[in-house]
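# Structural features, examined
So the chains spell out like this:
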Amino acid sequence: MRRVCIAWMVTFLICLPVSAGDFLVIVNAGNGVTSLSHRDVSKLFLKKQTTWPSGVVVSPVDQVESAAIRVAFTDQIHKRPLTVLQKYWLKQAFSGTSVKPDEKSSDSDVINYVAENKGGIGYVSAGTELPDTVKVVTLSD
Amino acid sequence: MACYMRWIVAVVALFAATGLLLGKDGGVGETLSELQKKLHIYGYFSTRYEKVWDEPELVDGLIQESSAPGEFTFPFFSLMLQQQFSHKFKVFINIHGDDFESLDIANGWGEYSRNRMVNIRVGKIYRTFGLYNELLDAVPVYFGIEPPELFDGDHLLISRTTNLMFWGSLERENGTLRYSLTLDDGEGDRDDDTVPIGFDVRYTFNFDSQVIGISGYTSGGETAGDRGVGEGSPDGGVLPWMAADEFHILGAFWEGTFNNLTLQAEYWRASHDAVRDVDAVLTLVQDAGLLPSQRERFLLFPNAPAAPANVRTETDFDVKTWYIRAGYSHLTQIGEWVPYLQWDWYSNPETIKNKTYGGDNEAGAADDGEFTKGTVGLAYRPNPSTAIKVDFSAHRYTLNGKEVDYPEVRVDCSFIFGK
């Protein structure tokens with residue numbers, strides 16, 4: 001019986017969507033920015049703001065669309081479902097305006113990308129161990 | 001209308017100049033990583049089936065109906081390449097192919113970005129004009145199959161491309177203000193002192209929840225068409241039988257997304273002050289199979305023989321069109337379903353039916369050049385890259401004084417590739 005209960009709990013937790021506070025927004029350690037609003041982060045990932053205050057070019061990196069963290073990030077930061085964002089990027093690409101950010105399939109790939117790009121910004125699961133080459137920015141409303 | 005156009009263009013130009021003078025350079029001297037410089041290659045394949053039933057035609061004063069055989073359009077595709085060379089320079093190429101037999105550079109431009117308020121694009125550019133022009137090649141992206149009537153290839157209100165475009169945007173608290181100002185060579189032969197100018201100003205609320213704007217164009221003086229009579233439909237707004245045409249276009253558009261519902265509406269008016277070419281009109285009257293109402297339009301004395309002295313050369317007319325569209329996105333486990341409704345109205349009192357002679361077989365089939373088209377359709381996307389669309393339309397217009405209509409069905413499958 002206990003095993004059945006544990007199995008149910010594990011299944012429940014796996015199916016649970018990633019919720020607020022379950023991701024950390026990270027930037028390159030050399031970036032002077034320490035906090036950002038949700039709106040700022042959204043503009044950076046939509047490439048509506050393309051440079052940091054220092055003049056460094058912004059390099060956003062997304063997680064792959066199938067990742068639960070991507071759905072949560074899109075929902076909380078962009079405040080839109082993923083399908084709306086997919087159409088937004090298709091329109092940007094077909095009009096030649098821009099292309100969507102690179103996508104990585106794991107937290108470690110995102111960390112490596114941000115660490116290697118001075119203007120990098122990404123998001124990883126809360127609790128992920130971070131190297132000195134990246135840092136967390138605090139989010140405000 | 002020309003007076004309004006001058007004012008609007010002046011305001012848009014002032015906005016651009018302000019950005020040029022006051023806006024700070026973005027990312028001066030900043031180099032991009034190799035990853036950021038990578039060439040992006042993407043596009044789509046598409047194929048279509050369409051069939052028309054019981055299309056009315058006037059034969060010897062009587063309306064007869066005929067059904068054309070169903071027609072497959074073999075795969076056509078767009079292949080797009082976009083590369084950012086530095087923070088300030090990028091290029092975009094859009095190669096368009098039909099039936100895998102012919103290739104055409106639909107778009108090819110380079111862009112210099114001074115800052116967000118001032119970007120300069122040079123080459124062959126889709127002008128920013130209403131909701132659709134920049135996206136017209138991307139059929140998989142929008143919820144219907146067909147473009148709005150103002151960009152139907154048979155009866156364009158304006159040429160789709162331009163050669164020089166200044167554009168920029170200004171971020172506001174609740175959205176983005178975007179402008180564009182375009183200059184080009186115009187439609188065809190033009191006078192030395194004519195300067196064709198186009199503009200677009202739009203406000204996009206956050207996350208594209210709503211877009212509202214106006215676009216316009218002025219030929220800047222007299223111009224002629226890019227095609228002669230007998231060379232098919234023009235690539236712009238000047239009909240092939242015009243010796244000279246001065247025209248201005250103004251329109252407004254709106255798109256709103258409310259949860260899963262998307263609504264679109266546009267209204268356009270093109271005012272033409274034109275002079276018909278006598279020889280071209282005589283060719284039309286003799287060879288193009290005109291309706292009686294069209295013959296009356298072109299000749300001073302319709303019952304008299306077609307002769308140079310009988311041609312009515314001066315003409316002022318307005319081409320007008322509007323549409324409303326609605327699509328509802330319903331997400332399921334097996335993909336996205338989007339039922340949609342569209343209602344188009346179009347009026348061109350100058351055109352004729354025969355496409356070989358530069359007419360169009362929708363407005364030109366009607367006594368008065370007016371028709372409506374109601375469409376109901378369904379788009380299914382099993383994944384974001386694939387779209388299968390089916391729609392049914394009914395054209396309605398007046399022919400020989402009687403209301404007539406005919407149905408049409410279209411099926412379209414498209415697949416987006418690359419990234």
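The following refers to the structure shown.

Calculation notes
- Residues numbered from 1 in each chain as written.
- Chains lettered and ligands numbered in written order.
- Predicted model: local features only at pLDDT ≥ 70, side-chain atom pairs only at ≥ 80, totals over all residues.
- Heavy atoms only, no water.
- Helix = DSSP H or I, 4+ residues; strand = E, 2+ residues; numbered from the N terminus.
- Buried < 20%, exposed > 50% of the residue type's maximum accessible area, 1.4 Å probe, protein only.
- Contact = heavy atoms within 4.5 Å.
- Patch = residues over 30% accessible without salt bridge, like charges linked within 9 Å, V, L, I, M, F, W, Y side chains within 5 Å.
- Areas by Shrake-Rupley, 256 points an atom, 1.4 Å probe, with all protein chains shown as cover.
- Salt bridge = Lys/Arg side-chain N within 4 Å of Asp/Glu carboxyl O.
- Expected span 1.5 Å × (residues − 1).
- Phe/Tyr/Trp six-rings, centres within 6.5 Å; stacked < 30°, edge-to-face > 60°.
- Lys NZ or Arg CZ within 6 Å of the ring centre and 35° of its normal.
- Lys, Arg positive; Asp, Glu negative; His and termini not counted.
- Charge placed at Lys NZ, Arg CZ, Asp CG, Glu CD.
- 1 Å grid on protein atoms, 1.4 Å probe; cavity = no way out; pocket = protein on both sides within 12 Å on 5 of 7 lines; lining within 4 Å.
- Points joined across faces, edges and corners; volume = space filled by probe spheres on them.
- Nonpolar A, V, L, I, M, F, W, Y, C, P; charged D, E, K, R; others polar.
- Buried area = accessible area lost by both parts, 1.4 Å probe.
- Polar contact = N/O pair within 3.5 Å; in protein donor to acceptor, adjacent residues only side chain to side chain.

## What about the overall build of chain A?
A tally of regular secondary structure across chain A gives five helices and seven strands. Counting helices and strands in the order they occur from the N terminus, chain A gives α-β-β-α-β-α-α-β-α-β-β-β. When the 141 residues of chain A are sorted by exposure, 48% land in the buried category. Within chain A, contacts between residues separated by at least 24 positions form 72% of all contacts whose residues are at least 6 apart in sequence.

## So, the environment of Asp191 of chain B
Tracing the chain through its elements places Asp191 of chain B in the loop between β9 (175-183) and β10 (197-205). In this structure the C-alpha to C-alpha distance between Asp191 of chain B and Glu222 of chain B, which are 31 residues apart in sequence, comes to 6.3 Å.

## What about a nonpolar patch on the surface?
On the surface, Tyr267, Trp322, Ile324 and Trp343 of chain B cluster together to form a nonpolar patch covering roughly 390 Å² of accessible area. In this fold, Ile324 of chain B is placed in strand β14 (residues 314-328).

## Section: helix α4 (residues 82-94) of chain A
Residue and element names in this part refer to chain A. A rise of 1.5 Å per residue sets the reference length of α4, with its 13 residues, at 18 Å; its end C-alpha atoms lie 18 Å apart and thus fit the reference within 8%. Judged by how many residues are buried, α4 sits mostly within the fold: 10 of 13 residues are covered. For α4, every residue scored as buried is listed here: Leu82, Thr83, Leu85, Gln86, Tyr88, Trp89, Leu90, Gln92, Ala93 and Phe94. At the C-terminal side of α4, Gly96 shows a positive phi close to 75°.

## Let's talk about the pattern of salt bridges
All names here are of chain B. Considering all chains together, one arrives at 24 salt bridges over all chains under this definition. Note that Arg178 and Glu134 form a salt bridge whose closest N and O atoms lie 3.8 Å from each other. Taken as a pair, Arg178 in strand β9 and Glu134 in the loop between β7 (118-126) and β8 (161-172) lie far apart in primary sequence, 44 residues in all. The burial state of Arg178 is the same as that of Glu134; both residues are buried. A salt bridge links Arg202 to Asp200; the shortest N-O distance between them is 2.8 Å. The exposure class of Asp200 is buried, given its relative accessible area of 0%. Salt bridges sharing common partners tie together Arg48, Glu146, Glu149, Lys373, Asp391, Glu408, Arg410 and Asp412.

## Focus: the packing of aromatic side chains
Residue and element names in this part refer to chain B. Here the structure, examined in full by the defined rule, presents 26 aromatic pairs over all chains. A centroid spacing of 5.2 Å and a plane angle of 40° characterise the contact between Phe45 and Phe417, whose relative ring orientation is tilted. Of this pair, Phe45 sits in strand β1 (residues 40-52) while Phe417 sits in strand β19 (residues 402-418); the two residues are 372 residues apart in sequence, bridging distant segments of the chain. Taking relative accessible area as the criterion, Phe45 reaches 35% and is therefore assigned partly exposed. Taking the centre distance of 5.9 Å and the plane angle of 85° together, the rings of Trp241 and Phe298 count as edge-to-face. Taken as a pair, Trp241 in the loop between β11 (210-218) and β12 (242-258) and Phe298 in helix α3 (residues 292-298) lie far apart in primary sequence, 57 residues in all. Taking relative accessible area as the criterion, Trp241 reaches 0% and is therefore assigned buried. Directly above the aromatic system of Trp109 lies the positively charged group of Arg121, at a separation of 3.8 Å from the ring centroid.

## Let's talk about a negative patch on the surface
Where like charges cluster on the molecular surface, the negative patch consists of Asp191, Asp192, Asp193, Glu222, Asp273, Glu314 and Asp316 of chain B. The residue Glu222 of chain B is located in the loop between β11 and β12 in this model.

## Points about empty space enclosed by the protein
Empty pockets left among the atoms are what a rolling probe the size of a water molecule brings to light. Residue and element names in this part refer to chain B. Inspection of the entire model under this criterion finds six cavities of 30 Å³ or more. If you trace the largest cavity, you find 18 residues lining it, with His155, Leu156, Gly237, Leu239 and Asn348 closest to the centre. Each residue belonging to the lining of the largest cavity can be placed in one class, and the counts come to eight nonpolar, eight polar and two charged.

## Structural notes on the interface of chain B and chain A
Listed by partner, the interface residues are 40 residues for chain B and 34 residues for chain A. With both sides pooled, the region where chain B packs onto chain A buries about 3100 Å², and carbon together with sulfur makes up 56% of that total. Taken together, chain B and chain A are joined by two salt bridges. A salt bridge links Lys91 of chain A to Glu255 of chain B; the nearest nitrogen and oxygen atoms lie 3.8 Å apart. Linking chain B with chain A are seven residue pairs in polar contact (both at pLDDT 80 or more), by the criterion used here. Those elements that place two or more of their residues in the side of chain B that touches chain A are β1, β4 (71-84), β5 (89-98) and β8 of chain B. The dominant element in the side of chain B that touches chain A, judged by the number of residues it contributes, is β1 of chain B, at four residues. The residue makeup of the side of chain B that touches chain A, split by class, is 14 nonpolar, 13 polar and 13 charged.

## Details of the layout of surface pockets
All names here are of chain B. Roughly 1600 Å³ of volume is contained in the second largest pocket. Together, 46 residues line the second largest pocket, and Arg48, Pro147, Asp152, Gly153 and Asp154 are the ones closest to its centre. Of all the secondary structure elements, the ones that give two or more residues to the lining of the second largest pocket are β1, β4, β5, β6 (102-115), β7 and β19. In terms of residues, the lining of the second largest pocket owes the most to one element, β1, which gives five residues.

These results come straight from atomic positions and should not be treated as a statement about function.
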